[in-house]
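Below are the chains, spelled out letter by letter.
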Amino acid sequence: MVLPDDFYCRDDGDRDVLRTTAALARGFAERAPAHDRDGSFPHENVAELRAAGYLRLTVPQAYGGGGAGVWRMVLGQERLARGDGSTALAVGWHLYTIGKQAQCPTWPKEALERVFRDAADSGACINAAVSEPQTGSPSRGGRPTTLARRTDRGTWVITGRKTFTTMAPELATFVVSATAVDLERTASFLVARGTPGLRVAETWDSLGMRGSGSHDLVLDGVEVPDSALVEPNLQQSAPDAGAEVRGGPSAGWNLHIPAVYLGIARAAADFATCYAVQRRPNSLQGSIAEVPHIEQKLGEMQRLLLPAYNLLFTLARRWDEDPPARAAMGGAVSACKLVVMDAVLAVVDLAMRIVGGAGLSRKLPLERYYRDVRAGLHNPPMEDAALAALARQAVKQMEAELVAR
Ligand SMILES: Cc1cc2nc3c(=O)[nH]c(=O)nc-3n(C[C@H](O)[C@H](O)[C@H](O)COP(=O)(O)OP(=O)(O)OC[C@H]3O[C@@H](n4cnc5c(N)ncnc54)[C@H](O)[C@@H]3O)c2cc1C
């Protein structure tokens, strides 16, 4: 890209994260073709992230973590994704789950402390298992068909099936949503790997993000203690009723998703640019980079990437530095993901056109980038829901303005 690599580094801490992730991404890029071909999970990449201390990036400093905010997480995630989108997406869910609980805790203190310590001390990974075959995307408000029943021993027994559980082969803790029969509402439980009745069904065999291990999770009478129930937080007296309408008090952490897809598209743009500079067919005096229609496409990729990066980092910075502004930022964060998705889909398409027929080859990484970005459409927020929410917000604001005039 035309901006220098460290353009978004504010300080030495950012430069450290960029150096670490850039070095790791080189190894990830070498392994990515094999994991993509086999649909295997890149455990060795996670081991390297763990050894580098990256898995504690968003854990609060008081627990031995990096205490990173959204900006630094986004910086690292974009850089990792240039090496391997699947690994970056997987680790992004872990950083996000911890970061948003660190900034805006909704779980009981003991559960939070355990998760923070496990991540800081041993790089134990966590992610949510919320999607289901019958419910689809949980963002649409469907009740989980996974059921949790309280026993007379004071424990909970959970039965159901989850889909799209990213990083399932590596997770130490699954945040499982279920309909708590006794509470008559949706609840979340922390379920540890190895709990009897819990198993990963290796079903993930998709067009893109093939190395993300987004398998099914099967819960067959999984018994957990009452302390595993983290949401609703029964220790909290007043839940924040307006949070959902405003996009949630932790909406900014969702920026880990556009960061990953931007990283993949950037890798595609860099690859196509490098290819164009080096490709010298004997019908030309120089490289294809000098051909007018290729030049236009190379410029167009930059034109699409620059504002997408700018929006991502502008929102990340504002989120970190201006807590009072967060309440109004949910819509903008959702819009950022849509803007980024439009840009990255266009960029990988241009990159394929620039490279030509060779871009179809499995020997080159471009066709993988092309497939991987497609998955972003199906990560939250979903486009139609985000547009409807934006429209409602705009209309509501206009109505308020008209009344005030
Ligand atoms: C790479 C990847 C990683 C993921 N990781 C995770 C993860 O770690 N944990 C997790 O829980 N989930 C994860 N997901 C799942 C994701 O969040 C969605 O649940 C999943 O993509 C299915 O959502 P959907 O809207 O496409 O499907 P569905 O909900 O089945 O919808 C199918 C179609 O119908 C439309 N539709 C359905 N219901 C409605 C409605 N009520 N109103 C309007 N339109 C509707 C949708 O727009 C869509 O076009 C992941 C998905 C991907 C692709």
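Nothing here was measured: the structure is a model prediction, and the numbers come from that model.

On to the overall build of the protein, then. When its secondary structure is counted, the protein shows 10 helices and 8 strands. The C-alpha radius of gyration computed for the protein amounts to 22 Å, which stays within 12% of the reference 22 Å derived for 405 residues, consistent with globular compactness. If one aligns the C-alpha atoms of the protein with their principal axes, the spans along those axes are about 80 × 60 × 40 Å. By residue count, 53% of the 405 residues in the protein fall in the buried class. Look at the contacts in the protein between residues 6 or more apart in sequence, and 73% of them connect residues 24 or more apart. Summed over all atoms, the accessible surface of the protein reaches about 18,300 Å², with 53% contributed by carbon and sulfur. Charge separation in the protein, taken as the distance between the mean sites of 45 positive and 46 negative side-chain charges, equals 2 Å.

Let's shift gears to the site of the ligand. Inspection of the region around the ligand gives 20 residues, with Asn-127, Ser-131, Arg-140, Phe-164 and Thr-166 positioned closest. Val-130 places a main-chain nitrogen or oxygen 2.9 Å from an oxygen atom of the ligand. With respect to the ligand, the side chain of Arg-140 contributes an N or O atom lying 2.8 Å from an oxygen atom. In isolation the ligand exposes 960 Å². Once the protein is present, 64% of that is buried. When contributions to the shell around the ligand are tallied by element, the ones reaching two or more residues are helix 4 (85-103) and strand 1 (126-129).

Turning next to helix 4. For helix 4, which comprises 19 residues, the first-to-last C-alpha distance of 26 Å matches the rise-based estimate of 27 Å (1.5 Å per residue) to within 8%. With 16 of 19 residues buried, helix 4 is to be regarded as a mostly interior element.

What follows deals with unusual backbone geometry. Glu-231 connects to Pro-232 through a cis peptide bond whose omega is 5°. Mapped onto the fold, Pro-232 is located in the loop between strand 8 (229-231) and helix 6 (256-278). In this model, Pro-380 is joined to Pro-381 through a cis peptide bond whose omega is -5°. With respect to the helices, strands and loops of the structure, Pro-381 is situated in the loop between helix 9 (366-374) and helix 10 (383-404). Phi is positive for Phe-164, which is not a glycine, with a value near 55°.

Bridge count between strand 2 (residues 147-150) and strand 3 (residues 156-165): 4 bridges; the pairing is antiparallel. Along strand 3, the bridge assignment pairs Leu-147 with Thr-159. The turn joining strand 2 and strand 3, which pair antiparallel and follow one another in sequence, is formed by 5 residues; a positive phi near 85° is taken by Gly-154. Here 7 bridges tie strand 3 to strand 7 (residues 215-224), and the two strands are oriented antiparallel to one another. Looking at strand 7, one finds that Val-157 is bridged to Glu-223.

On to the domain arrangement of the protein. By convention, interface size is frequently given as the accessible area that disappears when the constituent parts associate. What the domain assignment reports for the protein is domain 1 (12-124), domain 2 (128-231) and domain 3 (251-404). Among the residues of domain 2 in contact with domain 3, Arg-140, Leu-207 and Met-209 are the three that bury the most area, contributing 72% of the side total. On the surface where domain 2 and domain 3 come into contact, there are 1 salt bridge. A salt bridge links Arg-140 to Asp-384; the shortest N-O distance between them is 3.0 Å. The interface formed by domain 2 and domain 3 holds 3 residue pairs in polar contact (both at pLDDT 80 or more) in total. Class assignment for the residues of the side of domain 2 that touches domain 3 results in 2 nonpolar, 3 polar and 2 charged.

With that settled, consider the environment of Ala-351. The residue Ala-351 is located in helix 8 (residues 330-355) in this model. Look at Ala-351 and you get buried, because its relative accessible area is 0%. Separated by 19 residues in sequence, Ala-351 and Tyr-370 place their C-alpha atoms 8.8 Å apart. Setting aside its immediate chain neighbours within four residues, Ala-351 contacts Ala-268, Ala-272, Met-301 and Leu-366.

Inspection of the secondary structure puts Asn-127 in strand 1. The class for Asn-127 is buried, based on a relative accessible area of 3%. A polar contact of 3.0 Å, which involves the side chain of Asn-127, links it to the backbone oxygen of Thr-166. Ignoring anything within four residues of it in the chain, the contact list for Asn-127 reads Trp-93, Thr-97, Thr-166, Leu-171, Thr-173, Phe-174 and Val-175.

Between its first and last C-alpha, helix 5 (residues 109-122) extends 20 Å over 14 residues, near the 20 Å set by a 1.5 Å rise per residue. Of the residues making up helix 5, those classed as buried are Ala-111, Leu-112, Val-115, Phe-116, Ala-119 and Ala-120. Projected down its long axis, helix 5 carries its buried residues within an arc of 155°, all on one side. Summarising the contacts, the buried residues of helix 5 are in contact with helix 4, strand 1, strand 5 (185-192) and strand 8. Directly after helix 5, the chain includes Gly-123, whose backbone phi takes a positive value near 65°.

How each quantity is defined
- Residues numbered from 1 in each chain as written.
- Predicted model: local features only at pLDDT ≥ 70, side-chain atom pairs only at ≥ 80, totals over all residues.
- Heavy atoms only, no water.
- Helix = DSSP H or I, 4+ residues; strand = E, 2+ residues; numbered from the N terminus.
- Rg over C-alpha atoms; globule rule 2.2 N^0.38 Å.
- Buried < 20%, exposed > 50% of the residue type's maximum accessible area, 1.4 Å probe, protein only.
- Contact = heavy atoms within 4.5 Å.
- Areas by Shrake-Rupley, 256 points an atom, 1.4 Å probe, with all protein chains shown as cover.
- Lys, Arg positive; Asp, Glu negative; His and termini not counted.
- Charge placed at Lys NZ, Arg CZ, Asp CG, Glu CD.
- Near = heavy atom within 4 Å.
- Polar contact = N/O pair within 3.5 Å; in protein donor to acceptor, adjacent residues only side chain to side chain.
- Expected span 1.5 Å × (residues − 1).
- Pairing = 2+ DSSP bridges.
- Domains from an automatic or database assignment.
- Buried area = accessible area lost by both parts, 1.4 Å probe.
- Salt bridge = Lys/Arg side-chain N within 4 Å of Asp/Glu carboxyl O.
- Nonpolar A, V, L, I, M, F, W, Y, C, P; charged D, E, K, R; others polar.
- Arc of directions from axis to C-beta.

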